[in-house]
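# Observations on chain architecture
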Amino acid sequence: MQLAKRIEPLTKNVFADMDRAKAQAQGEGREIIDLSLGSSDLPAPDCAIAAIQTALTDPHTHGYTLFHSTQAFRQAAAQWYEQKYGIPVDPETEVLPLIGCQEGTAHLPLAVLNPGDIALLLDPGYPSHAGGIHLAGGQIYTLPLRAENHFLPDLSAIPAPVLAQSRLMVLSYPHNPTTAIAPLSFFQAAVAFCQQHNIVLVHDFPYADLVFSGTPAAPSLLQADPEKTVSLELFTFSKSYNMGGFRIAYAIGNAKLIGALRQVKAVVDFNQYRGIMQGAIAALQSDPTIVQHTVNTFQNRRDVFIQALKDIGWDVPTPPATMYIWAQLPAPWRERSIEFCCELVAKTGVAVSPGAGFGKMGEGYVRFALVHEPDVLKTAVARMAEFLGQF
Ligand SMILES: Cc1ncc(COP(=O)(O)O)c(C=O)c1O
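Residues numbered from 1 in each chain as written. Predicted model: local features only at pLDDT ≥ 70, side-chain atom pairs only at ≥ 80, totals over all residues. Heavy atoms only, no water.

## Here's the deal with the domain arrangement of the protein
Going by this rule: In this document the domain limits rely on a domain assignment from an automatic tool or a database. Note on definitions: buried area is the accessible-area loss of two parts on being combined, 1.4 Å probe, summed for both. A pairing counts as a salt bridge when a side-chain nitrogen of Lys or Arg comes within 4 Å of a carboxyl oxygen of Asp or Glu. Polar contact is the term for a pair of N or O atoms within 3.5 Å; when the atoms are in protein, one must be able to donate a hydrogen and the other to accept it, and sequence-neighboring residues count only if both atoms are side-chain atoms. Secondary structure elements follow DSSP: runs of H or I of four or more residues count as helices, runs of E of two or more count as strands, with numbering from the N terminus. Nonpolar residues are Ala, Val, Leu, Ile, Met, Phe, Trp, Tyr, Cys and Pro. Charged residues are Asp, Glu, Lys and Arg, and all others, Gly as well, are polar.
Taken as a whole, the protein is organised into domain 1 (5–42 + 289–389) and domain 2 (46–284). Computed over C-alpha atoms only, the centres of domain 1 and domain 2 are separated by 25 Å. Between domain 1 and domain 2 the total buried area reaches about 2,600 Å² when both faces are included, carbon and sulfur atoms providing 66% of it. Counting the contacts that link domain 1 with domain 2 gives zero salt bridges. Along the contact surface separating domain 1 from domain 2 lie eleven residue pairs in polar contact (both at pLDDT 80 or more). Within the residue set of the side of domain 1 that touches domain 2, elements represented by two or more residues are α1 (8–11), α12 (289–311), β9 (324–328) and β12 (365–369). Residue contributions to the side of domain 1 that touches domain 2 peak at six residues, all from α12. Its residues assigned to classes, the side of domain 1 that touches domain 2 comprises 16 nonpolar, eight polar and four charged.

Written out as structure tokens, the structure reads:
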């Protein structure tokens, strides 16, 4: 049997190695504390669950959801965006429901790239961004993110021959895994750059709401491109509303890009189940204190975890946003993040993500996802202290 060459790059996945190490530790009887996945342990909003429950018993929601029947969802997303960011959005031409940001970012390259075209991706970055480029037959040029540059890319360092072939740039701030926020001035520079070089600019924006007190709100890309000349932005219910398993998100932006992505998706899917869309509308229209409660919960966990790390002599910067801690490894482990994570889970049951899994520039770091209660987080740090003490 022949399999397509395009899936070869998808099989090299550090996280699969980690999953095996986790399964082995579990098989050997270790109690696992899993801080490796950004999958929230908090519940979806009651209003969303209630709307989905109501929909389930209504046979009108049981059929295919084609374009027009998602009008209510598109309108709710447009209204939400207008209220939050003050930029008008046409629900008919500038909004598209997605089955997760991951689905959107993975399918978009099929609508934008011809084989061999270059996509500019952040390193470290979210792994499925690269996966979508591989599926579309594109080439990847990575933009290194360094702590000394606040984990923002230096666009002026992209060589001219690379730029000439570049058709797509994917940004994502607040950033997974580094937790950095990009200021509006950075987005303004990125929009001008993409306009000048005829590049489509995509902003994967799952952590739009997960910004902690004392930090200014995370800007939307469209605030830097209110005419939506080159830009598309992706929002999800997975983080703000703890609805990762429901697989619902949306894109807002340039009408031509929305139309092109819709065309790709028309071949692939018939949209999310209408009941879930109704739950998502209820979430978007819910009392903002619901999202604030989630933000406060992650902020409290962040503070507990950072303090616990400090107490064992591991000083890491306090993240301004997201649900992660991005920590540089202690000196003996600097170039061995995968080995660190595999040994840590084998010896202590604590599972964390190796920085190298997010790209070459992630080596030397690990990412902790704050998806457990404070007591469990403290236990994880205590186990790590014992582990680190052995070296
Ligand atoms: C940058 C980024 N994009 C996309 C996703 C996945 O979002 P969704 O659940 O909407 O597919 C995540 C989840 O962790 C993420 O961090």
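And the narrative resumes.
## Side note on the pattern of salt bridges
Our working definition: Each residue is placed in one exposure class: buried if its accessible area under a 1.4 Å probe, protein chains only, is under 20% of its type's maximum, exposed if it is over 50%, and partly exposed if it falls in between.
By the definition in use, this model includes 13 salt bridges. Put simply, D34 and K22 hold a salt bridge, and the shortest N to O gap is 2.9 Å. Within this pair, whereas D34 is found in strand β1 (residues 33–34), its partner K22 is found in helix α2 (residues 14–27), the two being separated by twelve residues in sequence. A relative accessible area of 12% places K22 in the buried class. The closest approach of N and O atoms between K265 and E103, which form a salt bridge, is 2.9 Å.

## Quick notes on the packing of helix α4 (residues 71–85) against helix α11 (residues 274–284)
The test is simple: To get an axis, fit a line to the C-alpha atoms, keeping to the stretch in contact for a helix; angles then go from 0 to 180 degrees between the N-to-C directions. Every angle not falling under 35 degrees, over 145, or within 65 to 115 is termed oblique; those three ranges are roughly parallel, roughly antiparallel and roughly perpendicular. By the definition used in this description, the sense in which the near helix is turned from the far one sets the handedness, with an anticlockwise turn below a right angle giving left-handed and a clockwise turn giving right-handed. Throughout, a residue-residue contact means that at least one pair of heavy atoms, one from each residue, lies within 4.5 Å.
Direction vectors running N to C along α4 and α11 enclose 20°, while the axes themselves pass 10 Å from each other. Put simply, α4 runs roughly parallel to α11. In terms of crossing hand, the pair formed by α4 and α11 is left-handed. Between α4, through A72, F73, A76, A77 and W80, and α11, the contact on the second element is made entirely by M277, A280, I281 and L284. When the residues that make up the contact of α4 with α11 are grouped by side-chain class, the tally is nine nonpolar, no polar and no charged.

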